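Each chain, written out:
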Amino acid sequence: MKKLMAANWKMYKTADEARQTADALVKAVGTLPGDREVLIFPPFTALHAAHDALGQAAGFHMGGQDVYPAEEGAFTGEIAPGMLKAAGCGWVLTGHSERRHVLGETDALVGSKTAFSLAAGLSVCLCIGEKLDEREAGALTTVIHRQLETGLADVPADVDPGRLAIAYEPVWAIGTGKVAGPAEILEAHAIVRAKLCAMFPSAGTDMPILYGGSVKPDNAAEIVGLDNVDGVLVGGASLQADSFSRIVLA
Ligand code: PEP
């Protein structure tokens, strides 16, 4: 399985800034190694510019940071899967912890976004992960199981595993500089893998599981080398082409 190296630009970068960063990233990475793929999630207003800059660069893909589960309609401020596809997106993030815990998205809404986007032809990266108080209360497995059960409830059993990635991102490690240690990542990814295999007996082994949470150029190689880690989802360290290119090539 290729390693999926994903960049979440969150609410950073105007269209011009995104164009410059995407352009610089393609140049800094050069020819992408055959075992890597790059996935960029710019803000909505920068999708066209980033898509232009990525051009035909082999192995570089783009996605939206969020989506609304309807084809169109009276949903002010929201974005439909078809709009993302028309802007050059092949992917979408669902359930990012900032959507869950800052914007108040429920597990059920995340599940509906995930299933609707897959049915609409987008590939989906579903983000899950426990908060610090949940981990300290011993609820790691319970939280992972609940978020996968609800987040994937309406995904068909014969889903193409190449179109559904899970990003395990412990909330206490996102944007905090506190990276989960190898043992914590191995434990959580094994729980995710076992649950995916139980829910999707034929596809579960081949769904990529990414780690996210304070990934940097100096810890990326160790993290992507761990069992059941099929890539990374990077926030802060993906905003500069120089640092993200070093992660991509780590
Ligand atoms: C993220 O936004 O998904 C993320 C993991 O952020 P950071 O790398 O900054 O912790």
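Up top is the structure.
All figures in this text were calculated on a predicted structure; none of them were measured in a lab.

Calculation rules
- Residues numbered from 1 in each chain as written.
- Predicted model: local features only at pLDDT ≥ 70, side-chain atom pairs only at ≥ 80, totals over all residues.
- Heavy atoms only, no water.
- Helix = DSSP H or I, 4+ residues; strand = E, 2+ residues; numbered from the N terminus.
- Buried < 20%, exposed > 50% of the residue type's maximum accessible area, 1.4 Å probe, protein only.
- Contact = heavy atoms within 4.5 Å.
- Axes fitted to C-alpha atoms, helices over the stretch in contact; angles between N-to-C directions.
- Parallel < 35°, antiparallel > 145°, perpendicular 65-115°, else oblique.
- Left-handed = near helix turned anticlockwise from the far one by under 90°.
- Nonpolar A, V, L, I, M, F, W, Y, C, P; charged D, E, K, R; others polar.
- Phe/Tyr/Trp six-rings, centres within 6.5 Å; stacked < 30°, edge-to-face > 60°.
- Pairing = 2+ DSSP bridges.

A.B. asks: Quick question: what am I supposed to make of the environment of Lys 131 here?
C.D. replies: Within the secondary structure layout, Lys 131 lies in the loop between β5 (123–128) and α6 (132–136). A relative accessible area of 30% places Lys 131 in the partly exposed class. Spatially, the C-alpha atom of Lys 131 lies 6.4 Å from that of Pro 170, the residues being 39 residues apart in sequence. With residues near it in sequence (within four places) discarded, Lys 131 still touches His 101, Val 171 and Trp 172.

A.B. asks: Looking at this structure, how should I read the packing of helix α1 (residues 15–29) against helix α10 (residues 241–248)?
C.D. replies: A packed helix pair is summarised by two numbers, namely the angle formed by the two axes and the spacing between the axes. One can describe the packing of α1 onto α10 by two numbers: an axis separation of 9 Å at closest approach and a directional angle of 40 degrees. One element, α1, and the other, α10, form an angle in the oblique class. With respect to the hand of their crossing, α1 and α10 are arranged in right-handed fashion. For the pair α1 and α10, the contacting residues are Thr 21, Ala 24, Leu 25, Ala 28 and Val 29 in the first and Ala 241, Phe 244, Ser 245 and Val 248 in the second. Among the residues forming the contact of α1 with α10, the class breakdown is 7 nonpolar, 2 polar and no charged.

A.B. asks: Mind showing me how you'd approach the packing of aromatic side chains here?
C.D. replies: Where two aromatic rings form a pair, the distance of their centres and the angle of their planes describe that pair. Counted by the stated rule, this structure contains 2 aromatic pairs. Pairing Tyr 68 with Phe 75 gives two aromatic rings, centres 4.5 Å apart and planes at 35 degrees, and the pair type is tilted. Classification of Phe 75 as partly exposed rests on a relative accessible area of 33%. Ring geometry for Tyr 168 versus Tyr 211: centroids 6.5 Å apart, planes at 50 degrees, classification tilted. Residue Tyr 168 is located in strand β6 (residues 164–168), and its partner Tyr 211 is located in strand β7 (residues 209–212); the two are separated by 43 residues in the primary sequence. In terms of burial, Tyr 168 and Tyr 211 fall into one category: buried.

A.B. asks: Looking at this structure, I do not really get the environment of Ala 241. What am I missing?
C.D. replies: If you trace the backbone, Ala 241 turns up in helix α10. A sequence separation of 212 residues divides Ala 241 from Val 29, and the C-alpha atoms of the two residues are 8.8 Å apart.

A.B. asks: Can you walk me through the sheet that holds β7 in this structure?
C.D. replies: Strands in a sheet are paired, the pairing made by backbone hydrogen bonds, and the direction either parallel or antiparallel. Pairing is parallel around the closed barrel formed by 8 strands, whose spatial order is β1-β2-β3-β4-β5-β6-β7-β8. Taken pair by pair, the neighbouring strands of this sheet meet at an average axis angle of 25 degrees, ignoring direction. By the bridge criterion, 4 bridges tie strand β4 (residues 91–94) to β5 in an arrangement that is parallel. What sits directly across from Trp 91, in β5, is Ser 123. Contacting β2 (36–41) and β3 (60–64), helix α2 (residues 47–54) crosses the sheet at an angle of about 175 degrees to β3.

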